[in-house]
Amino acid sequence: MTGDVVVVDVPEKARFELRVDGERAGLVQYRMLPGRIVLIHTEVEDRFQGRGLAGRLARAALDSARERGLQVTPLCPYVADYIRRHPEYVPLVDERHRAEFAPASD
């Protein structure tokens, strides 16, 4: 992938934005609650899809939550799937939803 890729938090719009060469290419919408961030929806513009950008967005949102000491409620199906594929983020998931991410037992 070419171009400068950054993810920025835009709290006044309650979203993280992924920008490629300064152009918004995707976003993760969220809602802040005391001690918790609810990740609601992830989208990447059609022309930017297939470049792994949604994963970069999810990782940035989750890393931000970790840095700020926030629990995560992953209502967005993409972010929930990302957490399943990257179990190092499971400890961030709030207690109510964490069981959904437990490994399957035999």
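Further up the page is the structure itself.
Residues numbered from 1 in each chain as written. Predicted model: local features only at pLDDT ≥ 70, side-chain atom pairs only at ≥ 80, totals over all residues. Heavy atoms only, no water.

**Student:** So what about the packing of aromatic side chains? Which residues, and what values?
**Tutor:** Here the structure, examined in full by the defined rule, presents two aromatic pairs. Consider the rings of phenylalanine 16 and tyrosine 30, whose centres lie 5.2 Å apart with planes at 50°: the pair is tilted. Residue phenylalanine 16 is located in strand β2 (residues 15-20), and its partner tyrosine 30 is located in strand β3 (residues 23-33); the two are separated by 14 residues in the primary sequence. By the burial criterion, phenylalanine 16 is buried, and tyrosine 30 matches it. For the pair tyrosine 82 and tyrosine 89, a centre-to-centre distance of 6.1 Å together with 40° between the ring planes defines the contact as tilted. Taking the relative accessible area as the measure of exposure, tyrosine 89 reaches 4% and is therefore buried. (Phe/Tyr/Trp six-rings, centres within 6.5 Å; stacked < 30°, edge-to-face > 60°. Helix = DSSP H or I, 4+ residues; strand = E, 2+ residues; numbered from the N terminus. Buried < 20%, exposed > 50% of the residue type's maximum accessible area, 1.4 Å probe, protein only.)

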